[in-house]
Amino acid sequence: MTARTLRPRIVAAGAALAAGTLMLTACSSSGSSSASGSGAANPTATVKAASADPSLAALVPADVKSGGKLVVAADASYAPNEFKDDKGNIVGMDVDLANAIAAKLGLKADVQNADFTSIIPGIAAKKYQLGMSSFTDTKEREQTVDMVTYFTAGSAVAVKKGNPDKIDAKDLCGKKVAVQTGTTQADEIKDTRNPDCTKAGKPTIPGDGDKFSLQTDVTQAVVAGRDQAMMADSPVVDYALKQTNGQLEKVGETYDSAPYGIVVAKGSDLSKAVQGAVQSLIADGTYKSILDKWGVSAGAVTTSQINAAQS
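Residue numbers restart at each chain and count upward from 1, following the sequence in its written direction. Two thresholds apply to this predicted model, a pLDDT of at least 70 for residue-level local features and 80 or more for giving and counting side-chain atom pairs, whereas whole-chain, interface and lining totals are computed over all residues. Each side-chain value is worked out from all heavy atoms of the structure, with water and hydrogens disregarded.

### Quick look at the overall build of the protein chain
- Counting from the N terminus, the helices are the DSSP runs of H or I reaching at least four residues and the strands are the DSSP runs of E reaching at least two. Tallying secondary structure elements over the protein chain gives 10 helices and 11 strands in all.
- Residue burial is assigned from relative accessible area. The probe radius is 1.4 Å, only protein chains are included, and a residue is buried under 20% of its type maximum, exposed over 50%, and partly exposed in between. Relative to its full complement of 311 residues, the protein chain shows a buried share of 54%.

Right, dumping it as structure tokens:
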């Protein structure tokens, strides 16, 4: 599958992604970059401001409307989808889309940094109203929350430039593989890859993967040679290739493409409002301009749906 399963980030060369993270380029670190058919990111590009749609605003639940804002949770370590710039601001594709969705609904977006694995519980506890953090829409997630689809990504594998360990993306048995905790890729190792290795009589991926709470640390582990490969969402891998200045390369093809979903409380009327806002942004071109800005237009969709998981 793809994307951060609970979900799967990097900085521009010479800029720290977040306080405490390493300067990725100085150390040697799921839409897509040019590796998958989209253009280079241009974070300074201007996106046309979305305007409120009264018919969509009318769908917003009264308790949300009275607050005047959408509280949106994002794990800001997953560039180009959500990350911190060199000034500590949370930016990225999901952030721009959150702002545009809120504007369509006559609200303001309040994007808050959160640990990835805490976001869905935070939605259930009403701490947040939306979760936008590269979540793959899965049937399992749909049992507890609504997922409003808005993007498509796959999984990909990256290694050090030149592939010194001769890594085969289809056979990672016995290799040291870095992944972000709670992601689709972490589940893939535990539930699919390692059982397949065992059946084939091969050594498993140690520890069900070398797990990190931040995607930036996943990337750094491969750049520094601690791990031999990393698995992440395709847009994250593609962005990492660019931002590490040629220190990494992708091996194999993007696989298991699936939709990202915006997380909303199960059965909330807000789901219909958000789905309508996304569809309106697609129709008026704002959606495309945001994806173009971040170089992830290869993951564009034409229709937003509620709970459209493939598996």
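That was the structure; now back to the text.
### Considering helix H4 (residues 116–124)
- If you check which residues of H4 are buried, you get Phe116, Ile119, Ile120, Gly122 and Ile123. Buried residues in H4, looked at end-on, bunch into an arc of 160°, giving them a common side.
- Contact between two residues is taken to exist if any of their heavy atoms lie within 4.5 Å; hydrogens are not considered. Where H4 is buried, its residues meet strand S1 (69–74), strand S6 (130–131), helix H5 (139–142), strand S7 (145–160) and strand S11 (248–265).
- Positive phi shows up at Lys126, right after H4, with a value of about 65°. Note that the arc is defined by the directions from the helix axis to the C-beta atoms.

### Some thoughts on the packing of helix H3 (residues 93–104) against helix H9 (residues 270–284)
- Remark: H3 packs on H9, axes separated minimally by 9 Å, with the N-to-C direction vectors making an angle of 105°. Judged on the interaxial angle alone, H9 and H3 are roughly perpendicular. Where H3 abuts H9, its residues Ala100, Ile101 and Lys104 lie against Val274, Ala277, Val278, Ser280, Leu281 and Asp284.
- Residue composition of the contact of H3 with H9, grouped by class: six nonpolar, one polar and two charged. Lines fitted to C-alpha atoms define the axes, with helix axes restricted to the stretch in contact, and inter-axis angles between N-to-C directions lie between 0 and 180 degrees. Angle categories are assigned with fixed cut-offs, so that under 35 degrees is roughly parallel, over 145 is roughly antiparallel, 65 to 115 is roughly perpendicular, and the rest are oblique. Each residue receives one of three labels: charged for Asp, Glu, Lys and Arg, nonpolar for Ala, Val, Leu, Ile, Met, Phe, Trp, Tyr, Cys and Pro, and polar for the others, Gly being one of them.

### Details of the nonpolar core
- Put simply, buried Ala, Val, Leu, Ile, Met, Phe, Trp, Tyr and Cys residues joined by side-chain atoms within 4.5 Å make one nonpolar core. Counting 60 residues, the largest nonpolar core has Leu70, Met93, Ile101, Leu105 and Ile262 as the members making the most contacts within it.
- With eight residues, H3 is the largest single contributor of residues to this core.
- Contacts of Leu105, omitting those with residues within four sequence positions, involve Leu56, Ala57, Val60, Leu70, Leu270, Ala273, Val274 and Ala277.

### Considerations on the pattern of salt bridges
- Salt-bridge detection follows one rule: a side-chain nitrogen of Lys or Arg within 4 Å of a carboxyl oxygen of Asp or Glu. On inspection of all chains with the given rule, the structure shows 10 salt bridges.
- Close ionic contact of Asp238 with Lys250 constitutes a salt bridge, the shortest N to O distance being 3.9 Å. Residue Asp238 is found in helix H8 (residues 234–243), and its partner Lys250 is found in strand S11; the two are separated by 12 residues along the sequence.
- Given a relative accessible area of 0%, Asp238 falls into the buried group.

### Some words on the state of the cysteines
- A pair of sulfur atoms, both from cysteines and within 2.5 Å, is called a disulfide here. Enumeration according to the criterion identifies one disulfide in this entry.
- Cys173 shares a disulfide with Cys197; S-S distance 2.0 Å. Its torsion about the S-S bond being -95°, the disulfide of Cys173 and Cys197 is classed as left-handed. With a gap of 24 residues between them, Cys173 in the loop between S7 and strand S8 (177–180) and Cys197 in helix H6 (residues 184–199) connect regions that are remote in the sequence. The same class applies to Cys173 as to Cys197, namely buried.

### So, H6
- Expected helix span is computed as 1.5 Å times (number of residues minus one). Helix length check: H6, at 16 residues, gives a terminal C-alpha distance of 21 Å against a target of 22 Å (1.5 Å per residue), a fit within 8%.
- The largest bend in H6 amounts to roughly 35° and is located at Lys190.
- Thr184, Gln185, Ala186, Glu188, Ile189, Arg193, Asn194 and Cys197 are the residues of H6 that are buried.
- The inward-facing, buried residues of H6 abut S7, S8, strand S10 (229–233) and S11. Given a residue, its bend is the angle between the two axes fitted to the seven residues that end at it and to the seven that start from it.

### Quick look at the packing of H3 against helix H10 (residues 286–293)
- Contact geometry for H3 and H10: axes closest at 9 Å, N-to-C directions at 160°. One finds that H3 runs roughly antiparallel with respect to H10. For the pair H3 and H10, the crossing hand works out as right-handed. Seen from H3, the contacting residues are Met93, Asp96, Leu97 and Ala100; seen from H10, they are Thr286, Tyr287, Ile290, Leu291 and Lys293.
- Split by residue class, the contact of H3 with H10 holds six nonpolar, one polar and two charged. Helix crossings get a hand from a simple test, with the near helix turned counterclockwise from the far one by less than a right angle marking a left-handed crossing and a clockwise turn marking a right-handed one.

### Quick word on the pairing of S10
- Burial analysis of S10 places five of its five residues in the buried class, which makes it a mostly covered element.
- DSSP-based pairing: two strands are paired if at least 2 bridges between them are found. Sheet topology places S7 next to S10; four bridges connect them, and they run antiparallel. The partner of Val157 across the bridge, within S10, is Met231.
- Of the strand pairs in this sheet, S8 and S10 are connected by two bridges, and their pairing is parallel. Bridge assignment links Ala178 to a residue of S10, and that residue is Met230.

### So, the sheet that holds strand S2 (residues 77–78)
- Taken together, the three strands give an open sheet; going across it, the order is S2-S3-S4, and neighbouring strands pair in antiparallel fashion. The open sheet has two edge strands, S2 and strand S4 (90–91), and neither has a second partner.

### Regarding the packing of aromatic side chains
- We call Phe, Tyr and Trp rings a pair once their centres come within 6.5 Å, taking the six-membered ring for Trp, and we label the pair stacked below 30 degrees between planes, edge-to-face above 60, and tilted otherwise. For the structure on display, the rule yields five aromatic pairs.
- A centroid spacing of 5.8 Å and a plane angle of 90° characterise the contact between Phe83 and Trp294, whose relative ring orientation is edge-to-face. Taken as a pair, Phe83 in strand S3 (residues 82–84) and Trp294 in the segment after H10 lie far apart in primary sequence, 211 residues in all. With respect to class, Phe83 is no different from Trp294; both count as buried.
- Put simply, the rings of Phe83, Tyr239 and Trp294 touch in pairs and so form one group of aromatic residues.

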